[in-house]
Amino acid sequence: MNRIYILLSSTNTNLARGIRFCTGTEFSHTSLILDNNFEEMYSFSRKYTNNPFVGRFKKESFDTGIFAKSKDCLCQLYTTKITDEQLEKIYEKITFFINSKKVFKFNNLGLFACWFKIIFPRKYKRVCSQFVSECLTYACPEIILPKHYWIMQPEDFKFVKNIDLIYRGNMRDIPIGLTDEEIKVQINKYKDYNPMEFSNNKKRKK
């Protein structure tokens, strides 16, 4: 069996803050991680660190780009086990995106489509959450999304079935390279986490 990870992050860029303000959500970005050392982390994000309007499929790193400037941003990390065949199918999808990265662009209209829950497929356009959801739908049918992958937002991953929360905190303190026994400890630590906590707190403040 293999482990994959889903990272939700809440960076402090103007675009990320704007997304969270408009959607009333806690997180604004999603990444898919395919190894325990987090060297295989993929998403759709900025092509250039200082330009929020040009995005593409890319391999991400905590040491470069926006993440390198966001060590104190809030994150949540989820994990699940998948078979060799499922991992192979995810890599098949990743390879497709790598080989087609010149034609794939960031789905700017997709931000609004997800916000208004409009299924609006675009052949060569994705946002981060659509990309991650598409890979999971393609390879892992036991991972049940709460919505169609075209309208998934980062916040919606809190409600995905058959994945486990193993970390909530600053990006700089994300646990990397955990053993299965250490992951079990982390799963138990967060077993009582309420995915509605953020939205409930917002309602109370109103």
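First, a word on what this report is: a plain description of the structure on this page. (Residues numbered from 1 in each chain as written. Predicted model: local features only at pLDDT ≥ 70, side-chain atom pairs only at ≥ 80, totals over all residues. Heavy atoms only, no water.)

Attention shifts here to the overall build of the chain. When helices and strands are tallied, the chain shows 7 helices and 8 strands. Over its C-alpha atoms the chain spans a radius of gyration of 16 Å, differing by no more than 12% from the 17 Å that the globule rule assigns to 206 residues. If one aligns the C-alpha atoms of the chain with their principal axes, the spans along those axes are about 45 × 40 × 30 Å. By the burial criterion, 48% of the 206 residues in the chain qualify as buried. Nonlocal contacts in the chain, meaning residues at least 24 apart in sequence, comprise 63% of its contacts between residues at least 6 apart. Just so you have it, the chain exposes about 10,800 Å², and 53% of that area is on carbon and sulfur atoms. Averaging the locations of the 34 positively and 22 negatively charged side chains of the chain gives two centres separated by 11 Å. (Helix = DSSP H or I, 4+ residues; strand = E, 2+ residues; numbered from the N terminus. Rg over C-alpha atoms; globule rule 2.2 N^0.38 Å. Buried < 20%, exposed > 50% of the residue type's maximum accessible area, 1.4 Å probe, protein only. Contact = heavy atoms within 4.5 Å. Areas by Shrake-Rupley, 256 points an atom, 1.4 Å probe, with all protein chains shown as cover. Lys, Arg positive; Asp, Glu negative; His and termini not counted. Charge placed at Lys NZ, Arg CZ, Asp CG, Glu CD.)

Attention now moves to a nonpolar patch on the surface. Side chains of Leu-109, Phe-112, Trp-115, Phe-116, Ile-118 and Phe-120 sit close together on the surface and give an oily, nonpolar patch of about 600 Å² of accessible area. Note that Phe-112 resides in helix 4 (residues 108-115). (Patch = residues over 30% accessible without salt bridge, like charges linked within 9 Å, V, L, I, M, F, W, Y side chains within 5 Å. Salt bridge = Lys/Arg side-chain N within 4 Å of Asp/Glu carboxyl O.)

Let's shift gears to helix 5 (residues 128-139). Its 12 residues place the ends of helix 5 17 Å apart at the C-alpha level, agreeing with the 16 Å of an ideal helix rising 1.5 Å per residue. Extensive coverage of helix 5 is indicated by the burial of 10 of its 12 residues. (Expected span 1.5 Å × (residues − 1).)

Bringing the side chain of Arg-20 into the picture now. Its location among the elements puts Arg-20 in helix 1 (residues 14-23). Of the side chains with opposite charge, Glu-155 lies nearest to the buried Arg-20, which makes no salt bridge, at 8.1 Å. Not counting chain neighbours up to four residues away, the residues in contact with Arg-20 comprise Ser-10, Thr-11, Asn-12, Thr-25, Glu-26, Phe-27 and Ser-28.

It is worth spelling out the side chain of Ser-28 at this point. Position of Ser-28 among the secondary structure elements: in the loop between helix 1 and strand 2 (29-33). At 3.0 Å, the side chain of Ser-28 forms a polar contact with the side chain of Arg-20. (Polar contact = N/O pair within 3.5 Å; in protein donor to acceptor, adjacent residues only side chain to side chain.)

Now for the nonpolar core. Leu-32 and Phe-131 are the most contacted members of the largest nonpolar core, which has 52 residues in total. Put simply, the parts of the chain that give this core at least two residues each are strand 1 (2-10), strand 2, strand 3 (41-48), strand 5 (74-82), helix 3 (84-99), helix 5 and strand 8 (164-170). (Core = buried A, V, L, I, M, F, W, Y, C linked by side-chain atoms within 4.5 Å.)

By the definition in use, this model includes 18 aromatic pairs. For the pair Phe-38 and Phe-62, a centre-to-centre distance of 6.2 Å together with 45° between the ring planes defines the contact as tilted. With Phe-38 in the loop between strand 2 and strand 3 and Phe-62 in the loop between strand 4 (51-60) and helix 2 (65-68), the pair connects residues that are 24 residues apart, well separated along the chain. Since its relative accessible area comes to 6%, Phe-38 is described here as buried. Counting every residue linked through ring pairs, the aromatic cluster contains Tyr-42, Phe-44, Phe-57, Phe-96, Phe-97, Phe-104, Tyr-124 and Phe-131. Against the face of Tyr-138 rests Lys-89, its NZ or CZ located 4.7 Å from the ring centre. (Phe/Tyr/Trp six-rings, centres within 6.5 Å; stacked < 30°, edge-to-face > 60°. Lys NZ or Arg CZ within 6 Å of the ring centre and 35° of its normal.)

We now examine unusual backbone geometry. Positive phi outside glycine occurs at Lys-117, with the angle close to 60°. In this structure, Lys-117 sits in the loop between helix 4 and strand 7 (125-126). Although it is not a glycine, Asn-162 sits at a positive phi angle of roughly 75°. Its place among the elements puts Asn-162 in the loop between helix 5 and strand 8. Asn-162 sits in the partly exposed class, given a relative accessible area of 46%.

The next thing to look at is the packing of helix 3 against helix 5. Two elements in contact, helix 3 and helix 5, have axes separated by 9 Å at closest approach and are oriented at 140°. In terms of orientation, helix 3 and helix 5 fall into the oblique class. The two elements helix 3 and helix 5 meet at a crossing, and its hand is right-handed. When helix 3 is examined against helix 5, the residues Gln-86, Lys-89, Ile-90, Glu-92, Lys-93, Ile-94 and Phe-97 are found in contact with a partner set consisting of Phe-131, Glu-134, Cys-135, Tyr-138 and Ala-139. Among the residues forming the contact of helix 3 with helix 5, the class breakdown is 7 nonpolar, 1 polar and 4 charged. (Axes fitted to C-alpha atoms, helices over the stretch in contact; angles between N-to-C directions. Parallel < 35°, antiparallel > 145°, perpendicular 65-115°, else oblique. Left-handed = near helix turned anticlockwise from the far one by under 90°. Nonpolar A, V, L, I, M, F, W, Y, C, P; charged D, E, K, R; others polar.)

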